[in-house]
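Report on the structure
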Amino acid sequence: MTPTPLLPDAVPASGDRRRHPAPAHLVFFHGPMDCGKSTLALQVDHNQSRQGRHGLLLTQGDRSGTPQISSRVGLRREAVEVDPGTDVRLLVRDRWAGGHRVDYLIVDEAQFLTGEQVEQLAELVDESHVDVYAFGLTTDFRARLFPGTQRLFELADDVQRVQVQVLCWCGLPGLLNARVVGGVMVREGATVVVADTAPAAVPSAEAPGDDVRYQVLCRRHYVRGALEPTPTGPGQLALR
Ligand SMILES: Nc1ncnc2c1ncn2[C@@H]1O[C@H](COP(=O)(O)OP(=O)(O)O)[C@@H](O)[C@H]1O
Ligand SMILES: Cc1cn([C@H]2C[C@H](O)[C@@H](COP(=O)(O)O)O2)c(=O)[nH]c1=O
């Protein structure tokens, strides 16, 4: 953890402790792609702001290509884009310096945070009484924890798997994100390649000109690399 906390000597009226006497929390909601994380992020923001609390929305590499939190349900809200060099404590402090309240943070695409940024979030919770609600992928296309996710698992007060099930093509719950490049499932490449689950053409630095998409699979079909059954592949059909 960083030993030099950016303690807000003059925390503005953000933490009205009479109305919110409970300690602040770092909560992490996680799941595979398309399980409703961004939708939930916007719902949490909506419910918090209805209480008169003031939130700051952060994201990184939203699929829309713009600084916003966008849900496939159709909801979207403007957000502040962060990158691996952003000190989230300074972001909040700058808001306070500008006279804005920040009672809570909504952090979408939290899997892309660095471990240090997760520690900064924990510091905001513990030292400045800012609630943090983070939303992100559990694992990458190699079925390994993202670094930000791992640190959130380690530090969050509360870790919750998003309840909505994404279904593999076989009907079982989908847990793992397959990356599909040019129609083929790949297991090597850059950790971060922003793209959707819908089959749309997205230029990729690692495979220029190829379409990149993701498909959520159950573990068995992820391990076997079975994107879907094909009429010419009885072995794949037999997997069902
Ligand atoms: N037309 C629709 N009607 C109802 N629900 C939808 C529709 N389109 C998408 N969804 C829901 O939105 C979910 C994806 O939400 P989203 O917040 O974009 O996911 P994530 O951020 O986890 O990738 C889907 O699992 C599905 O439940
Ligand atoms: C598995 C995996 C995903 N990504 C990218 C793809 C999308 O842009 C986001 C996840 O978006 P969602 O809101 O959860 O649908 O992450 C990646 O860069 N690397 C991966 O391994």
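Just so it is clear, the structure is predicted and the values come from calculations on it, not from any experiment.

To continue, consider the UniProt feature "binding site: substrate" (unreviewed entry) in the protein chain. Residues annotated by UniProt as "binding site: substrate" (unreviewed entry) correspond here to Y214. Relative to the helices and strands, Y214 is located in strand β13 (residues 212-217). On the neighbour-count criterion, Y214 (20 C-beta atoms within 10 Å) is buried. Setting aside anything within four residues of it in sequence, one finds Y214 in contact with M33, N177, A178, R179, V180, A195 and T197.

The full set of residues close to ligand 1 is M33, D34, C35, G36, K37, S38, T39, S71, R72, V73, V164 and V166. When residues of the shell around ligand 1 are assigned to their parent elements, the largest contribution, three residues, is made by helix α1 (residues 37-50). For the shell around ligand 1, the per-class residue count stands at five nonpolar, four polar and three charged.

In terms of nonpolar packing, the biggest core is built from 33 residues, with L105, V107, L121, V130, V132 and A134 touching the most fellow members. Broken down by secondary-structure element, the contributors of at least two residues to this core are β1 (26-31), α1, β2 (55-59), α2 (88-97), β6 (104-107), α3 (115-128) and β7 (131-137). Counting residues per element, this core draws most heavily on α3, at five residues. Excluding residues within four positions of it along the chain, A134 makes contact with F28, V107, A110, L121 and L152. If you look at the next biggest cluster of nonpolar residues, it comprises 18 residues, including V166, L176, V193 and A195.

Before going further, it helps to examine the packing of α3 against helix α4 (residues 147-155). Contact pair α3 / α4: the axes reach a minimum separation of 8 Å and the direction vectors enclose 35°. Seen along the crossing, α3 lies across α4 with a hand that is right-handed. The residues of α4 that touch α3, namely those facing G115, V118 and A122, are P147, G148, R151, L152 and L155. By residue class, the composition of the contact of α3 with α4 is five nonpolar, two polar and one charged.

The subject of this paragraph is the site of ligand 2. Taken together, 16 residues form the shell around ligand 2, and within it M33, D140, F141, N177 and V194 come nearest. Tallied by class, residues from the shell around ligand 2 come to eight nonpolar, four polar and four charged. Two domains each provide a minimum of three residues to the shell around ligand 2, namely domain 1 (26-164) and domain 2 (167-228).

Further remarks concern the packing of α2 against α3. Running from amino to carboxyl end, α2 crosses α3 at an angle of 45°, the nearest separation of the two axes being 8 Å. Comparing the axis directions of α2 and α3 gives the class oblique. Within the contact between the two elements, α2 uses V88, R89 and V92 and α3 uses Q117, Q120, L121, E123 and L124. Class assignment for the residues of the contact of α2 with α3 results in four nonpolar, two polar and two charged.

Domain parsing of the protein chain yields domain 1 (26-164) and domain 2 (167-228). Each of domain 1 and domain 2 has a C-alpha centre, and the two are 24 Å apart. Across the boundary between the two partners, domain 1 contributes 12 residues, which contact 15 residues of domain 2. Among the residues making up the side of domain 1 that touches domain 2, the classes are represented as six nonpolar, two polar and four charged.

About the thresholds
- Residues numbered from 1 in each chain as written.
- Chains lettered and ligands numbered in written order.
- Predicted model: local features only at pLDDT ≥ 70, side-chain atom pairs only at ≥ 80, totals over all residues.
- UniProt positions renumbered as here; feature names shortened; annotations may be inferred.
- Helix = DSSP H or I, 4+ residues; strand = E, 2+ residues; numbered from the N terminus.
- Buried ≥ 20, exposed ≤ 12 C-beta atoms within 10 Å, placed from the backbone.
- Contact = placed C-beta atoms within 7 Å.
- Near = placed C-beta within 6 Å.
- Nonpolar A, V, L, I, M, F, W, Y, C, P; charged D, E, K, R; others polar.
- Core = buried A, V, L, I, M, F, W, Y, C linked by C-beta atoms within 7 Å.
- Axes fitted to C-alpha atoms, helices over the stretch in contact; angles between N-to-C directions.
- Left-handed = near helix turned anticlockwise from the far one by under 90°.
- Domains from an automatic or database assignment.
- Parallel < 35°, antiparallel > 145°, perpendicular 65-115°, else oblique.

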